[in-house]
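What follows is the residue order along each chain.
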Amino acid sequence: GAYVSEQWMNKGFKVTAQEVDRSGGHMPNDAARLFDTSKPFNALGYGSPNLGGDFGNVLIIQDSEASSQWKANEAGGMITFDFTPPVDEVFQLGLLNVVSDVVVNVTDAEGSTHIVLVTAAGAKSQKTVSVDVTNVVKVQVVMSGPTAITHIGICSDFEATPPLPPSSAPSVAPAGDLCVTGVHETGS
């Protein structure tokens, strides 16, 4: 249930969350909420989206400040990934619970914005979107419903391996191009 925004700055990107229409979502310091779907809130379910299974970590716009339960804001919002320096390529985006259309805006270093429309597929739906844009500085996911982001796939020139899941031991790899996917919790 951690809120995340600047934890990945040392890896070259920042995650921010915003409301679209002042619908009451909770984003402290513009942070999205990391929702660990393997840990149910209670015996009745997993919060919203009500996943009913282990999908790993996902990012959501939290519904309200008062809720300790992981609950995605019914009116959605925007989750933005800013990359500094630009990443070589964004090739994939994973979405869960696509109950309303989602718009993905991918901006490259030249200032061109590539728009991908993801059509609604219903509660608990899973969609993997091919993006295939190079030299990317920003990916903005505009959700008009309680959708979660399961992963973003990027290729970049890292000096070390990207963040690992909390249960894994850190490791260092030689510099080189790496393509990674995942929504992972990492220390600040």
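Up top you'll find the structure we're talking about.
Residues numbered from 1 in each chain as written. Predicted model: local features only at pLDDT ≥ 70, side-chain atom pairs only at ≥ 80, totals over all residues. Heavy atoms only, no water.

Engineer: Hey, could you run me through the nonpolar core in this one?
Structural biologist: General note: in soluble globular proteins, nonpolar side chains tend to be found buried as a group. One finds I79, F81, F83 and V139 to be the most contacted residues of the largest nonpolar core, which totals 32 residues. Mapped by element, the contributors of at least two residues to this core are β2 (13–18), β3 (32–36), β5 (77–96), β6 (102–108), β8 (126–143) and β9 (148–158). When sequence neighbours within four positions are dropped, the list of residues in contact with I79 reads V15, T16, A17, A32, L59, I60, I61, V139, Q140, V141, M143 and I149. Grouped together as the second largest cluster of nonpolar side chains are seven residues, F35, V58, I60 and W70 included. (Core = buried A, V, L, I, M, F, W, Y, C linked by side-chain atoms within 4.5 Å. Buried < 20%, exposed > 50% of the residue type's maximum accessible area, 1.4 Å probe, protein only. Helix = DSSP H or I, 4+ residues; strand = E, 2+ residues; numbered from the N terminus. Contact = heavy atoms within 4.5 Å.)

Engineer: What exactly am I supposed to notice about the pairing of strand β7 (residues 113–118) here?
Structural biologist: Every regular strand shows the same layout, with side chains that alternate between the two sheet faces. Note that β6 and β7 share six bridges and pair antiparallel. For V102, the partnering residue across the bridge sits in β7 and is V118. (Pairing = 2+ DSSP bridges.)

Engineer: Looking at this model, I keep getting lost on the pairing of strand β4 (residues 57–60). Mind explaining?
Structural biologist: Residues N57 and L59 of β4 are buried on one face, and the alternating residues V58 and I60, pointing to the opposite face, are buried as well. In this structure, β3 lies alongside β4, joined through four bridges in antiparallel fashion. Following the sheet pairing, D36 is matched in β4 by N57.

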